[in-house]
Amino acid sequence: MDSSSSSSSSSSYGVAHVSHISNPCIFGEAGSSSSSTYRDKRWNLMKWVSKLFKSGSNGGGGGGARTNHHPPQFQEDENMDDRSRGARDKEELDRAMSLSLADDRRRPHGYGWSMDNNSDFPRPFHGGVNPPSFIPPYEPTYQFRRRQRICGGCNRDIGMGNYLGCMGTFFHPECFCCHSCRYPITEHEFSLSGTKPYHKICFKELTHPKCEVCHHFIPTNDAGLIEYRCHPFWNQKYCPSHEYDKTARCCSCERLESWDVRYYTLEDGRSLCLECMETAITDTGDCQPLYHAIRDYYEGMYMKLEQQIPMLLVQREALNDAIVGEKNGYHHMPETRGLCLSEEQTVTSVLKRPRLGAHRLYGMRTQPRKLTRKCEVTAILVLYGLPRLLTGAILAHELMHGWLRLKGYRNLNPEVEEGICQVLSYMWLESEVLSDPLSRNVPSTSSSSSSFSNKKGGKSNMEKKLGEFFKHQIAHDASPAYGGGFRAANAAVSKYGLHRTLDHIRYTGTFPL
């Protein structure tokens, strides 16, 4: 008896080595500082100049040093000529400038000022009692060199414009761009992976998994981790909620229905994806060529079945009714897809394939059939509506049950009987997936299969992938009889060969070690 079970794995993870920075960049003006600091320095210089001129205007009016709230002024000799006084003034002015320069050099590199380019700087003379001859012959301009800043994006000098400081370097605002979309980052928050900046939404698109069913970001659980379900073969990731929200699952390949793709619904309520529907076998007549091809496969391994065993495609309800009336056999839940009958029963089979319309199969014609027992095997029943390779794997499994009963293998435990039947199913699938269809005579199983094959008659990549999945199902089945039995039987066949293993089973009822 062949049956199926589905499984999925649960995973959760958190994103590591990623910084989410808030207000990370410093906007500034290259070559600028606090206006109040500069204004203080400029007024200090102006005071030095004012002192000099005050000393010149007050020097000829008195004979002694004058004391007031200001610092002491310089006295002038009455006999000093204008040239000597001018030299003295120039010396004091140069000294004031040197002190201001020394003070300015103690500032951080990259800042400077220009006296003749700044309208806020107060001029030393705007009229007064002092003669114009006391004005210095020139106004010296002091322009200090700033530190050069190179943009980390374009590798050019930033100049006097705005800049950003981030990650130990500087950028033009338009050069600080997202590593994904290449657009400038203007938000106050961004994500940093290593040394690569991203918009937060761009980084989420790159790293946060999306559900392959609803196409939304998979939500985090209570622990803050991203938790999702993942099919062990197809790697289909989806939200855990879709396992119980009535999302359709293909009865053949087990993939969940995506919101942007419609699955086909069979009359017995099962769902079938578009890829599996391409080669689905839906009535007994269509299945006969495949059934005889698998009998030929047995004959090629020197395991010919002499008796003509009837084969019927049935609906799910008819198969379940037949299981109830069957005394022998091991039933693997949740769903049985094939059955080797040994009792006389009346079974309703699918006589004519259903019509296809609006993603539904309808109009199926069925016919009851009375099965009489002429040998140890009454009939082989297979669930309708499955793709060709899965239908063939079920037939290969059930035919092995029939071969064992016809050859007198009695009272085998489920692990031994189901295990060796699974080995024959696996071997047939392997021959179909790996062999060249042009090197042997492979009968056509349905009219729909031609549209799923290439021009040379070979299988498409998707059909081969389905074959690999059905092999994966057999090899990784978790049940003791089907999964454990297959692995034990396959190890024995790989070591001793099929026929020596069958001989050992006949005499001992167990697999050779």
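Residues numbered from 1 in each chain as written. Predicted model: local features only at pLDDT ≥ 70, side-chain atom pairs only at ≥ 80, totals over all residues. Heavy atoms only, no water.

As recorded in an unreviewed UniProt entry, the protein chain goes by the name Protein DA1-related 2 isoform X4, listed as coming from Raphanus sativus.

Novice: Go over the overall build of the protein chain, please, and point to the residues and values.
Specialist: Counting its regular elements, the protein chain contains 11 helices and 21 strands. Within the span of the protein chain, comprising 513 residues, buried residues form 43% of the whole. Taking the contacts inside the protein chain whose residues are at least 6 apart along the sequence as the reference set, 63% of them involve residues at least 24 apart. (Helix = DSSP H or I, 4+ residues; strand = E, 2+ residues; numbered from the N terminus. Buried < 20%, exposed > 50% of the residue type's maximum accessible area, 1.4 Å probe, protein only. Contact = heavy atoms within 4.5 Å.)

Novice: Requested: an account of the nonpolar core, with residues and values cited.
Specialist: Tyr298, Leu381, Leu395, Met400, Leu404, Ile420 and Leu502 are the most contacted members of the largest nonpolar core, which has 82 residues in total. When residues in this core are grouped by element, the largest group, 10 residues, is from helix α7 (residues 388-406). Not counting residues within four places of it along the chain, the set of residues in contact with Leu502 comprises Met303, Met400, Trp403, Leu404, Tyr409 and Ile420. In terms of nonpolar packing, the next biggest core, distinct from the first, is built from 14 residues, Cys166, Phe171, Phe176 and Leu192 among them. (Core = buried A, V, L, I, M, F, W, Y, C linked by side-chain atoms within 4.5 Å.)

Novice: Any details on the state of the cysteines? Residues and values, ideally.
Specialist: Tallied over the entire structure, the rule returns 0 disulfides. Not engaged in a disulfide, the cysteine Cys239 finds its nearest cysteine sulfur in Cys211; these two sulfurs lie 3.7 Å apart. (Disulfide = S-S within 2.5 Å.)

Novice: Account for the pattern of salt bridges, naming residues and giving values.
Specialist: As enumerated under the stated definition, the model contains 11 salt bridges in all. With its nearest N and O atoms 3.1 Å apart, the salt bridge here joins Arg255 to Glu275. Taken together, the residues Arg255 in the loop between β10 (237-238) and β11 (264-265) and Glu275 in helix α4 (residues 274-278) connect sequence positions 20 residues apart. Between Arg410 and Glu376 there is a salt bridge whose closest N-O contact spans 3.2 Å. One end of the pair, Arg410, is in the loop between α7 and α8 (414-434); the other, Glu376, is in the loop between β19 (365-371) and β20 (379-383), with 34 residues separating them in the sequence. For Arg410, a relative accessible area of 48% gives the class partly exposed. Salt bridges sharing common partners tie together Glu227, Arg229 and Glu243. (Salt bridge = Lys/Arg side-chain N within 4 Å of Asp/Glu carboxyl O.)

Novice: Explain the packing of aromatic side chains to me, using residue names and the numbers behind them.
Specialist: Within the structure shown, the criterion is met by 11 aromatic pairs. Put simply, the rings of Phe233, Trp234, Phe469 and Phe470 touch in pairs and so form one group of aromatic residues. When the ring centre of Phe170 is taken as reference, the NZ or CZ atom of Arg149 above it lies at 5.2 Å. A cation sits over an aromatic face here: Lys204 above Phe217, 4.7 Å from the ring centre. (Phe/Tyr/Trp six-rings, centres within 6.5 Å; stacked < 30°, edge-to-face > 60°. Lys NZ or Arg CZ within 6 Å of the ring centre and 35° of its normal.)

Novice: Which residues make up the side chain of Ser258, and what values go with them?
Specialist: For Ser258, the location among the structural elements is in the loop between β10 and β11. A distance of 2.5 Å separates the side chain of Ser258 from the side chain of Asp260, its partner in a polar contact. Setting aside anything within four residues of it in sequence, one finds Ser258 in contact with Glu212, Val213 and His215. (Polar contact = N/O pair within 3.5 Å; in protein donor to acceptor, adjacent residues only side chain to side chain.)

Novice: Break down unusual backbone geometry for me, with residues and values.
Specialist: Even without a glycine there, the phi angle at Asn155 is positive, about 60°. Its place among the elements puts Asn155 in the loop between α2 (82-105) and β5 (162-166). The class of Asn155 is exposed, set by a relative accessible area of 60%. Positive phi outside glycine occurs at Asn235, with the angle close to 55°. For Asn235, the position within the fold is in the loop between β9 (226-230) and β10.

Novice: Lay out the packing of α8 against helix α10 (residues 480-496) in plain terms, naming residues and giving numbers.
Specialist: Remark: α8 packs on α10, axes separated minimally by 7 Å, with the N-to-C direction vectors making an angle of 65°. For the element pair α8 / α10, the angle class is roughly perpendicular. Remark: the crossing between α8 and α10 carries right-handed chirality. For the pair formed by α8 and α10, the contact residues are Pro414, Glu415, Glu418, Gly419, Ile420, Gln422, Val423 and Tyr426 on the first element and Pro480, Ala481, Tyr482, Gly485, Phe486, Ala489, Asn490 and Val493 on the second. By residue class, the composition of the contact of α8 with α10 is 10 nonpolar, 4 polar and 2 charged. (Axes fitted to C-alpha atoms, helices over the stretch in contact; angles between N-to-C directions. Parallel < 35°, antiparallel > 145°, perpendicular 65-115°, else oblique. Left-handed = near helix turned anticlockwise from the far one by under 90°. Nonpolar A, V, L, I, M, F, W, Y, C, P; charged D, E, K, R; others polar.)

Novice: Pulling in residues and values, what's your account of α7?
Specialist: When the terminal C-alpha atoms of α7 are compared, their 26 Å separation across 19 residues agrees well with the 27 Å that a helix rising 1.5 Å per residue should span. A positive phi of about 90° marks Gly408, the residue just after α7. (Expected span 1.5 Å × (residues − 1).)

Novice: Please provide a residue-by-residue account of the environment of Asp477, values included.
Specialist: For Asp477, the position within the fold is in the loop between α9 (461-475) and α10. Separated by 10 residues in sequence, Asp477 and Arg487 place their C-alpha atoms 9.4 Å apart.

Novice: Tell me about the packing of α7 against α8, and please be specific about residues and values.
Specialist: The geometry of α7 relative to α8 is characterised by a closest axis approach of 8 Å and an angle of 140° between their N-to-C directions. Regarding the angle of α7 to α8, the classification is oblique. Both α7 and α8 take part in a crossing whose hand is right-handed. Residues Arg388, Leu389, Gly392, Ala393, Ala396, His397, Met400, His401, Leu404 and Arg405 of α7 lie in contact with α8, whose contacting residues are Glu417, Glu418, Ile420, Cys421, Gln422, Leu424, Ser425, Trp428, Leu429 and Glu432. Residue composition of the contact of α7 with α8, by class: 10 nonpolar, 5 polar and 5 charged.

Novice: I'd love a proper account of helix α6 (residues 316-325), names of residues and values included.
Specialist: When we look at burial in α6, the residues that qualify are Ala318, Leu319, Ala322 and Ile323. Summarising the axial view, the buried residues of α6 lie within an arc of 140°, below the 170-degree limit, and thus occupy one face. Exposed residues on α6 whose side chains face more than 90 degrees from its buried face are Glu317 and Val324. On its buried face, α6 sits against β14 (311-314), β15 (335-341), β16 (345-352) and β20. (Arc of directions from axis to C-beta.)

Novice: I'd like a description of the pairing of β20, backed by residues and values.
Specialist: Of all 5 residues making up β20, 5 are buried, and the element is well covered by its neighbours. Burial along β20 is two-sided: the face carrying Ala379, Leu381 and Leu383 and the face carrying Ile380 and Val382 are both buried. Note that β14 and β20 share 4 bridges and pair parallel. Across the sheet, the residue bridging to Leu313 is Val382, located in β20. Note: β15 against β20, 4 bridges, orientation antiparallel. (Pairing = 2+ DSSP bridges.)

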